Amino acid sequence: MAQWTSAVGAAQLARLLTSQQDRPAGPGSRRPPAYRALADGIRLLVLEGRVPVAARLPAERELALALSVSRTTVAAAYEALRAEGFLESRRGAGSWTAVPAGNPLPARGLEPLPPEALGSMIDLGCAALPAPEPWLTRAVQGALEELPPYAHTHGDYPAGLPALRAMIAERYTARGIPTMPEQIMVTTGAMGAIDAICHLFGGRGERIAVESPSYANILQLMREAGARLVPVAMADGLAGWDMDRWRQVLRDAAPRIAYVVADFHNPTGALADEDQRRRLVEAARSAGTVLVADETMNELWLDDDVDMPRPVCGFDPAGSTVITVGSASKAFWAGMRIGWVRAAPDVVRSLVAARAYADLGTPVLEQLAVNWLFSTGGWEQAVELRRGQARGNRDDLVAALRRELPDWEYTVPRGGLTLWVRAGGLSGSRLAEAGERVGLRVPSGPRFGVDGAFEGYVRLPFTVGGAVADEAAARLAAAARIVRSGGTAGGEGPRTFVA
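How each quantity is defined
- Residues numbered from 1 in each chain as written.
- Predicted model: local features only at pLDDT ≥ 70, side-chain atom pairs only at ≥ 80, totals over all residues.
- Heavy atoms only, no water.
- Pairing = 2+ DSSP bridges.
- Helix = DSSP H or I, 4+ residues; strand = E, 2+ residues; numbered from the N terminus.
- Axes fitted to C-alpha atoms, helices over the stretch in contact; angles between N-to-C directions.
- Contact = heavy atoms within 4.5 Å.
- Core = buried A, V, L, I, M, F, W, Y, C linked by side-chain atoms within 4.5 Å.
- Buried < 20%, exposed > 50% of the residue type's maximum accessible area, 1.4 Å probe, protein only.
- Parallel < 35°, antiparallel > 145°, perpendicular 65-115°, else oblique.
- Left-handed = near helix turned anticlockwise from the far one by under 90°.
- Nonpolar A, V, L, I, M, F, W, Y, C, P; charged D, E, K, R; others polar.
- Salt bridge = Lys/Arg side-chain N within 4 Å of Asp/Glu carboxyl O.

One open sheet holds the seven strands; their spatial order is β6-β12-β11-β10-β9-β7-β8, and the pairing between them is mixed. If you trace the sheet from one side to the other, it starts and ends with β6 (184-187) and β8 (228-233), each paired once. Along the sheet, successive strands turn relative to each other by an average axial angle of 20°, direction set aside. Judged from the three bridges that link them, strand β7 (residues 207-212) and strand β9 (residues 257-260) form a sheet pairing that is parallel. Within β9, the position partnered with valine 210 by the bridge is tyrosine 259. Its contacts with the sheet place helix α6 (residues 162-174) against β6, β11 (322-327) and β12 (339-342), and it is angled at close to 120° to β6.

Here's what the structure looks like:
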């Protein structure tokens, strides 16, 4: 019986492999034999999770034709992968990907490392900061005081606690966007909100337009839902959206949904201006596309003179085009899994009705904690503390990068939690792999793209500062040396680091 559970076509595998090629080697640089380069490329795709474990690979002849190499090269690469435990084969069943015994399965998202692994590994994989104390403790204590009346109920509130829905609606109204509680549904984080929206509007095989690059975990969520992702390139630097491209995609592809991050975009940090927001809403309305605006970063401006534009939903007064997603997880703490949807009342009713077959509702105690923060002014003070942490980390990280890797390219964003970095012509996937060897976890660019894009990039979050930022940059430079030397640099290894 075959051991593979999915298959990768020759053309698809060739595209993925081509995307991770480095720039031409300089004088004196060593190039591995063609079979070795091919084996390394496939191994990286498996370790990155972009080719699943137990995926059947193309036959040798098919892949050789797609790559314009000899069949002998492909055969030698497959044999090397079998010897290393990354490929298994059986006569009549073909060859399929595997991971060697003792190796962890590749992460498909950017989940954080367990706390016990942080002594020797600096984790730049997750853009999340520690809780802004004492506000977390105070919020939980306040929630416990409010809990007794709710404990006498069944505890299921599919649309969210009425008090929290009213408070979120009031906050939108204070921002100049009149909102009723009936337009709010509380969810389990922003991921829960977008998952519910995709299942209501998307459906398997539906097109979803996404920024390119975009948030890796959302892209994976949409892939798991069976969506056909249509990438739309961002403008250069921090210029926001390329509106000519958006109009073309919305007109020609007619996606059912478009997902955007207008406020300090993840991963680039771009902030879309008011004109871009207005024009995108108009284009989506004309195309009949539901525009999902993720504003989980909208309170994380880091420079005092940033002039925040109106929310995307402010350009959709009828409420027929834009669905807004918010969350406490980025601005406050990732462990506070409270998100929300703002949409037309009929959309909220449909989302609530569908929730009966998903998670039924969001934890009451956490909703009470967020409501306490909103109603006491604790939220504003906690977010101000969060901005100060992120601002200091951003400045420390940028200074360390300029010192250790002066040829790497990036534009420093004025808000958000991430820096999008062009890695000096090196492969992001190879940097991520080498980083693990020197005690640094960093996500490569292709995690944020569609079908192998952004191989020359890495994303660096503003989660470490001071001496830890210096050490992170030093380890990243060590990983770059390993990649430049073809993976043979000696003396590089993880060091235990105590902040």
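This brings us to the nonpolar core. If you look at the biggest cluster of nonpolar residues, it comprises 55 residues, and the most contacted ones within it are Trp241, Trp246, Leu291 and Phe332. Looking at this core, the element that brings in the most residues is helix α12 (residues 364-376), giving six residues. Formed by 40 residues, the second largest nonpolar core is a distinct cluster that contains Phe264, Leu300, Phe462 and Ala477.

Where helix α7 (residues 189-202) meets helix α8 (residues 216-224), the axes come as close as 10 Å, and the angle between the chain directions of the two elements is 30°. Comparing their axes, α8 and α7 come out roughly parallel. The two elements α7 and α8 meet at a crossing, and its hand is right-handed. Contacts between α7 and α8 involve Met191, Ile194, Asp195 and Cys198 from the first element and Asn217, Ile218, Leu221 and Met222 from the second. Its residues assigned to classes, the contact of α7 with α8 shows six nonpolar, one polar and one charged.

Where strand β3 (residues 87-90) and strand β4 (residues 94-97) come together, four bridges link them in antiparallel fashion. Paired with leucine 87 across the strands is threonine 97, a residue of β4. Between the antiparallel neighbours β3 and β4 lie three residues, among them glycine 92 with a positive phi of about 90°.

Now for the environment of leucine 368. Mapped onto the elements, leucine 368 comes out in helix α12. Judged by its relative accessible area of 6%, leucine 368 falls in the buried class. Taking the C-alpha atoms as reference points, leucine 368 and valine 140, 228 residues apart in sequence, are found 8.0 Å from one another. With near-sequence residues (within four places) excluded, leucine 368 lies in contact with Ala143, Glu146, Leu147, Tyr150 and Leu161.

Moving on to the pattern of salt bridges. Applying the stated rule across the entire model yields 27 salt bridges. With a closest N to O distance of 2.7 Å, arginine 277 and aspartate 263 form a salt bridge. With a gap of 14 residues between them, arginine 277 in helix α10 (residues 274-287) and aspartate 263 in the loop between β9 and α10 connect regions that are remote in the sequence. Both residues of the pair, arginine 277 and aspartate 263, count as buried. Several salt bridges converge on common partners, so that one network encompasses Arg36, Asp40, Arg43, Glu84 and Glu433.

Moving on, we come to unusual backbone geometry. Note that the residue after glutamate 133, namely proline 134, is joined by a cis bond; omega there is 10°. Here proline 134 is to be found in the loop between β5 (122-123) and α5 (135-151). Following asparagine 266, the chain continues into proline 267 via a peptide bond in cis, with omega recorded as 25°. Tracing the sequence through the fold places proline 267 in the loop between β9 and α10. Residues other than glycine seldom take positive phi values, yet serine 68 does so here, at roughly 60°. Mapped onto the secondary structure, serine 68 falls in the loop between α3 (60-67) and α4 (71-84).

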